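Architecture and fold: a report
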Amino acid sequence: MGRQLLINDLDKPGIQTLEGYKACGGYTALDKALKMKPEEIVEEVKKSGLRGRGGAGFPTGMKWSFIAKPPGVPRYLVCNADESEPGTFKDRFLMEKKPHILIEGMIISSFALGANVSYIYIRGEMMYVFHILEKAIQEAYDAGLLGKNIMGSGFDHDLYVHCGAGAYICGEETALIESLEGKRGNPRIKPPFPAVKGVWDCPTVVNNVETIAAVVPITTMGGDEYAKIGIGKSTGTKLISASGHINKPGVYEIELGVPVEEFIYSDKYCGGIRNGKKMKAVVAGGSSVPVLPTDLILKTAKGEPRLMTYESLADGGFQTGTMLGSGGFIVMDEDTSIVKNLWNFTRFYHHESCGQCSPCREGTGWMEKILHKFLDGHASMSDIDLLWDIQGKIEGKTICPLGEAAAWPVAAAIRHFRSEFEEYVKSGKNMKDVKHYYRLNNLETA
Amino acid sequence: MAKVTIDGHTIEVPDGTTILNAARSIGGKIVPPAMCYYSKLKTSGGYCRTCLVKVSKGSEKDPRPMPKPVASCRTNVMDGMVVENITSPEILEARAGVVEFLLINHPLDCPICDQAGECHLQDLGYEHGKAKTRYEFARRTFVKIDIGEYIKLHMTRCILCYRCVKVAEQLCPGRVHGVINRGDVAEISTYIQQAVDNEMSGNMIDVCPVGALTDKTFRFKSRVWFTKPVDAHRKCDKCCGKVRLWFKGSEVLRVTARKDEWGEVEDVAEGKAGWICNDCRFHKKEVNDWVIEGPSHINRHSVISANHYELSKLKLDTEQHLKQLEGKKVDLGEGALNPNNQ
Ligand SMILES: Cc1cc2nc3c(=O)[nH]c(=O)nc-3n(C[C@H](O)[C@H](O)[C@H](O)COP(=O)(O)O)c2cc1C
Ligand code: SF4
Ligand code: FES
C-alpha cells in the first residue's frame, strides 16, 4: 500500500485521545504552523496542489486566497462534516478514529485564514461522532490548544461543533451556512459566494473534513513534498470509501494515481468482486456521478488504463467518463439491476431536494415515479425518452448542484444501459406484484 | 452605466441593474416571465426559474459566455453583456420545461379558482407552455386551511414562489409565516393555523401569483372578469389608502392594491410601494368609504389582455354568445367581454 498520511497509526493505542495522538507526533504541525506567517501556510497549501475533497475538487489554496479581507470584519472557517452522499463514508471514519487530526487541521487553517472562530457542521445522524468530537475539543481546550493565546503564540481560537438535523442539502455550502445560522437549510443564490459573504454575512471558507485534515501533513512535510505524491494535478492521498459487491469494503487511503483495476482487484484494496462474480458497473465518486460500465471504468475510451485521479476519471467527459467526486466508490456485480439502483438513487434525491426551485422540486419526484413504473413492468419505450428529457430539463437550470446530482445518474444509466430499461419494458408485468407495490407506496396510477 | 444587448435591443442601464429589469425597461416580448421575483420585495426571485436567459457574452472585459442559463431576475448586467431570451431556442425549450414542472402538480382547477383571469400561471401556461401534459401520476394535494381571519391558503395551487414569505418578513414584524417541510411536500404555513395576525398581512394575497392565497371576503363571489376596477382612495393612518375597488353593479366586491403592468403593486411615491392595510382591504366595502378617482387602466399583459378569451377566437360571435347566456341570470357587468374596453 502507498503512503498513508491521514488514517495512519489507527492501530496505535489511544489514538482517539489527545495523549495517544500526541504520542504519534500529533500537534507538532500546529507548533510549526504557529511559528510561520499565515500567508506562508496559504503558500504551502497552494504549492501542495491540494484540491477540495468534498466533491468539486476546487484547489484549496486558491479558495483560501479568494477570501475577502475587509478590515474589522471577522472571518470564519467552516468544516463541512455533513457527509451524506450515498456511498461516501470517509469523513465519518476519519473523525471517529482520529478526531484530533481534524481539530489540528482546523486550528492551522483558521490561523492561515485569520479566523478566530470556526465551526464543524456535522450531520445529525452521526451523533456519536459529535460526542467524540466534543470530547476531543474539550481535551484540546484543557491542554491550551484551543482558546486564548494558543501555545503562547498570541493566536486566539474557538472551535464549535454544530449538529445538523440530517439533511443532505445542508452539505451544500450555502445551505450549510443558512442552517448554521439557525435558518431553514435552503441554498443561497450565488453570487455572492461565501468567500465574500458567508456565515453572518462575513467572509467564510467552507472545506471538507478530509481537506482540512490534509492540511496537517502538508504543514509537516511542506507543500512541495506533498505535491510529489500523486500524478499531475491530482496530488497527495485520498480517502476512498469502497462499498458494494467487493470482497473488502471499507475506507482506503490511496495515493492518487493508483490504476482503477488495481484498486478493485488487488488484495491491498477492494480484493475483487465477491462470490467470484463479474463486475458490471462502478459509480466512482458518490451517487451523483455518472455510472460507468466495466469496460469504461477500467479503460478510457482511448484505451488507456483509467487511474484514480481527478483527470483520468473525468477523461472523455460525461460521454465516456465520470468524476472522482467525494470518493464514494460503489461497485456493482453482474446481478445488479441498474434500473433498480437508479430508482434508489433518484428516490434519495427526490427526498432530499429542498424544494426551492421548480425543476428540482418537481422533476426529481417525477423521475422517481417513472422509474417505479419500470420496476413494476408498467413502463413503455417512450418513458425512456421521457426520463432523458426530464433530466435534461433539470440539469443546469437549478439554484444549486443538487439538480445536477439528480440528473447525471439518470442520464448516465440511460446512456450506458439503455438496453436494460428496454428489457424492463419488454418483460412487462412479470416483474412484480404491481398492485401490492402501489398499495405499499400509497401511489395511484393515472 | 452598463450597456447591455437583449435579443438584439441595446440599452444603457445603471450598474447593478438586473437583466430582468433591463429587459423590462426595453419592454415588449423580450421581457422574461417572472413568477417569483417581485421588485418591491427584497431578496425575492431566483426560485421559479421561468426567467432563465442565456448570456452569450459575459461583458466587454470578459466576453466568455456563461456556461449555464442564468436567472435574469438575480443576475446583474455587466457592461457589454449580450443576452439571448426569445432568440434562443434552448431557452424557450428550458422555459417550456419549467412551465411543465410548475404544472405537473398543479390542480388545474381554474374553473373554480378565484385567481383565474388574473393568474400569472395561467398566462405563463398559455404563452410558454405546451398543450398536453406528459405527467400521468396522482397530483399532490394539501388540505385547505385558514391562515388568519381573512386569508385562505390553498396549498395545492402554490408554486412556492416565496413572495408571501417575504411579505411576512418585510411588512409584518414578528412574522409567524414561513415554509415547512422540504422538496415537493414543502408548504407555506403559519404552522399554527390562524396565526397570521398583522394589519399588513393581506398583501400576501396581492403578491401571490396563483390562487394559493385568496381573500376570504371575496372567495366565490364573482369571476374577476365580471367585476369592474375603479381607482379610489381614502385617508388611512396605517397605509397609503390608495386602492383599486372591484365593482359588480354598485357593490364593491373586493379591494386590492393597485398593480402595474408586471402585476406588482404600484409605487405611490418614489421608491415607496403602495401596500395597503387590512382595514382598507377587508373592512371598507361601502362606496361611501372611498373617494372615487375613476376607472382603472389595466395594462398588465395577461391572458385577458392578450385576448385569449376574445370571442372571435372562440368561434362564437358576441350576439350568439349573449343569446346563450340569456335567461341565465348572469350579470355581465361592464367590460365583461373584453376588460380592455372599459
Ligand atoms: C447537494 C450537495 C451536497 C453536498 N454535500 C457535501 C458534504 O456532505 N460534504 C462535503 O464536504 N461537501 C459537500 N458538498 C460540496 C460543498 O458544497 C462544498 O463544495 C465543499 O464543502 C467544499 O469543500 P472542499 O473544497 O474542501 O471540497 C455538497 C454539495 C452539494 C451541491
Ligand atoms: S436544486 Fe434542488 S436542492 Fe438545490 S436549491 Fe433547487 S430545489 Fe433546492
Ligand atoms: S422570476 Fe427569476 S427565478 Fe423566478
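Residues numbered from 1 in each chain as written. Chains lettered and ligands numbered in written order. Predicted model: local features only at pLDDT ≥ 70, side-chain atom pairs only at ≥ 80, totals over all residues. Heavy atoms only, no water.

Looking only at helices and strands, chain B has 7 helices and 16 strands in total. Here chain B holds 342 residues, and 54% of them are scored as buried. Considering only contacts in chain B between residues 6 or more positions apart, those separated by 24 or more positions represent 65%. As displayed, chain B offers around 15,900 Å² of accessible surface, 52% of which is attributable to carbon and sulfur atoms. (Helix = DSSP H or I, 4+ residues; strand = E, 2+ residues; numbered from the N terminus. Buried < 20%, exposed > 50% of the residue type's maximum accessible area, 1.4 Å probe, protein only. Contact = heavy atoms within 4.5 Å. Areas by Shrake-Rupley, 256 points an atom, 1.4 Å probe, with all protein chains shown as cover.)

The next point concerns the sheet that holds strand β2 (residues 9–13) of chain B. Residues and elements named next belong to chain B. One open sheet accounts for 5 strands, arranged β2-β1-β5-β3-β4; its pairing is mixed. For this open sheet the edge positions go to β2 and β4 (70–71), each flanked by a neighbour on one side alone. Note that strand β1 (residues 2–6) and strand β5 (residues 81–84) share 3 bridges and pair parallel. Directly across from Thr5, in β5, lies its bridge partner Val82. With respect to the sheet, helix α1 (residues 19–26) is in contact with β1, β2, β3 (52–57), β4 and β5, its orientation differing from that of β2 by roughly 115 degrees. Contacting β3 and β5, helix α2 (residues 89–104) crosses the sheet at an angle of about 160 degrees to β3. (Pairing = 2+ DSSP bridges. Axes fitted to C-alpha atoms, helices over the stretch in contact; angles between N-to-C directions.)

This brings us to the packing of helix α5 (residues 90–97) of chain A against helix α6 (residues 99–113) of chain A. Residue and element names in this part refer to chain A. Running from amino to carboxyl end, α5 crosses α6 at an angle of 95 degrees, the nearest separation of the two axes being 4 Å. Comparing their axes, α6 and α5 come out roughly perpendicular. The residues of α6 that touch α5, namely those facing Leu94, Met95, Glu96 and Lys97, are Pro99, Ile101 and Leu102. Broken down by class, the residue content of the contact of α5 with α6 amounts to 5 nonpolar, no polar and 2 charged. (Parallel < 35°, antiparallel > 145°, perpendicular 65-115°, else oblique. Nonpolar A, V, L, I, M, F, W, Y, C, P; charged D, E, K, R; others polar.)

Right, let's get into the interface of chain B and chain A. Across the contact, 35 residues belong to chain B and 37 residues belong to chain A. For the chain B and chain A pair, buried surface summed over both sides reaches about 3,000 Å², with 54% attributable to carbon and sulfur atoms. Three residues stand out in chain B for area buried against chain A, namely B:Phe101, B:Phe137 and B:Arg182, and they jointly supply 26% of the buried area on that side. At the junction of chain B and chain A, the tally comes to 6 salt bridges. Here B:Arg134 ties to A:Asp389 by a salt bridge, and the two come within 2.7 Å at their closest N and O atoms. Every element with two or more residues in the side of chain B that touches chain A is listed here: α2 and β8 (178–180) of chain B. Considering each element in turn, the side of chain B that touches chain A owes the most residues, 8 residues, to α2(B). By residue class, the composition of the side of chain B that touches chain A is 18 nonpolar, 6 polar and 11 charged. (Buried area = accessible area lost by both parts, 1.4 Å probe. Salt bridge = Lys/Arg side-chain N within 4 Å of Asp/Glu carboxyl O.)

Okay, the site of ligand 2 next. Lining the immediate surroundings of ligand 2 are 13 residues, of which A:Cys354, A:Gln356, A:Cys357, A:Cys360 and A:Cys400 lie closest. Across the shell around ligand 2, the residue classes break down as 8 nonpolar, 5 polar and no charged. (Near = heavy atom within 4 Å.)

What follows deals with the packing of aromatic side chains. Within the structure shown, the criterion is met by 21 aromatic pairs over all chains. The interplanar angle of 40 degrees and the centroid separation of 5.2 Å between the aromatic rings of A:Phe263 and A:Tyr269 together place this pair among those described as tilted. Of the two residues, A:Phe263 and A:Tyr269, both sit in the buried class. Centre to centre, the rings of B:Tyr150 and B:Phe282 are 4.1 Å apart; their planes meet at 10 degrees, and the pair counts as stacked. (Phe/Tyr/Trp six-rings, centres within 6.5 Å; stacked < 30°, edge-to-face > 60°.)

Residue and element names in this part refer to chain A. Neighbouring ligand 1 are 18 residues, the closest being Gly54, Lys63, Asn207, Asn208 and Thr211. One of the side-chain nitrogen or oxygen atoms of Asn80 is found 2.9 Å away from an oxygen atom of ligand 1. Between ligand 1 and the protein, one listed contact pairs an oxygen atom with a backbone N or O atom of Glu83 at 3.1 Å. In isolation ligand 1 has 610 Å² of accessible area, and contact with the protein removes 89% of it. Ranked by the residues each element gives to the shell around ligand 1, the list is headed by strand β4 (residues 204–208), at 3 residues. For the shell around ligand 1, the residue count by class is 4 nonpolar, 8 polar and 6 charged. (Polar contact = N/O pair within 3.5 Å; in protein donor to acceptor, adjacent residues only side chain to side chain.)

All names here are of chain A. With respect to the helices and strands, Cys163 occurs in strand β3 (residues 158–163). In the structure, Cys163 is positioned 254 residues away from Phe417 in sequence and 40 Å away in space, judged by C-alpha atoms. In this structure, Cys163 is in contact with Ile122, Arg123, Gly124, Met127 and Phe130, ignoring residues within four places of it in sequence.

To continue, consider the pattern of salt bridges. Counting across every chain of the model gives 49 salt bridges over all chains. Measuring nitrogen to oxygen at the nearest pair gives 3.8 Å for the salt bridge that ties A:Glu210 to A:Arg53. Residue A:Glu210 is found in helix α9 (residues 209–221), and its partner A:Arg53 is found in the loop between α3 (38–48) and α4 (60–66); the two are separated by 157 residues along the sequence. Accessibility assignment for this pair places A:Glu210 and A:Arg53 in one class, buried. Across the salt bridge formed by A:Glu420 and A:Lys280, the nearest N and O atoms sit 2.7 Å from each other. Taken together, the residues span a long stretch of sequence, with A:Glu420 in helix α18 (residues 402–427) and A:Lys280 in strand β9 (residues 279–283) at a distance of 140 residues. For the pair A:Glu420 and A:Lys280, a shared accessibility class is recorded, and that class is buried. One continuous salt-bridge network, built from bridges that share partners, spans A:Asp389, A:Lys393, B:Glu93, B:Glu100, B:Lys130 and B:Arg134.

This paragraph deals with the domain arrangement of chain B. All names here are of chain B. Assigned domains of chain B: these are domain 1 (2–100), domain 2 (105–218) and domain 3 (224–307). The C-alpha-based centres of domain 1 and domain 3 are spaced at 30 Å. Contacts between domain 1 and domain 3 engage 7 residues on the former and 8 residues on the latter. The contact between domain 1 and domain 3 buries some 680 Å² in all, and 57% of this surface belongs to carbon and sulfur atoms. On the domain 1 side of the contact with domain 3, Arg24, Tyr38 and Lys40 bury the most area, a combined 83% of that side's loss. Our count for the contact surface shared by domain 1 and domain 3 stands at 4 salt bridges. Residue Glu264 pairs with Lys40 through a salt bridge whose shortest N-O separation is 3.9 Å. (Domains from an automatic or database assignment.)

With that settled, the discussion passes to the pairing of strand β7 (residues 237–244) of chain A. Residue and element names in this part refer to chain A. Counting buried residues in β7 gives 7 out of 8 residues, a clear majority hidden from the surface. Here 6 bridges tie β7 to strand β8 (residues 250–255), and the two strands are oriented antiparallel to one another. Residue pairing in the sheet places Ser241 in a bridge with Val251 of β8. In sequence, β7 turns back onto β8 through a hairpin of 5 residues. Both β7 and strand β11 (residues 328–333) contribute to a ladder of 4 bridges, which runs parallel.

Our focus in this paragraph is α6(A). At 3.6 residues per turn, the α-helix brings residues three or four places apart onto the same side. Residues and elements named next belong to chain A. Here α6 is 15 residues long and its end C-alpha atoms lie 21 Å apart, about the 21 Å a rise of 1.5 Å per residue gives. Burial analysis of α6 places 15 of its 15 residues in the buried class, the great majority of the element. Directly after α6, the chain includes Gly114, whose backbone phi takes a positive value near 75 degrees. (Expected span 1.5 Å × (residues − 1).)

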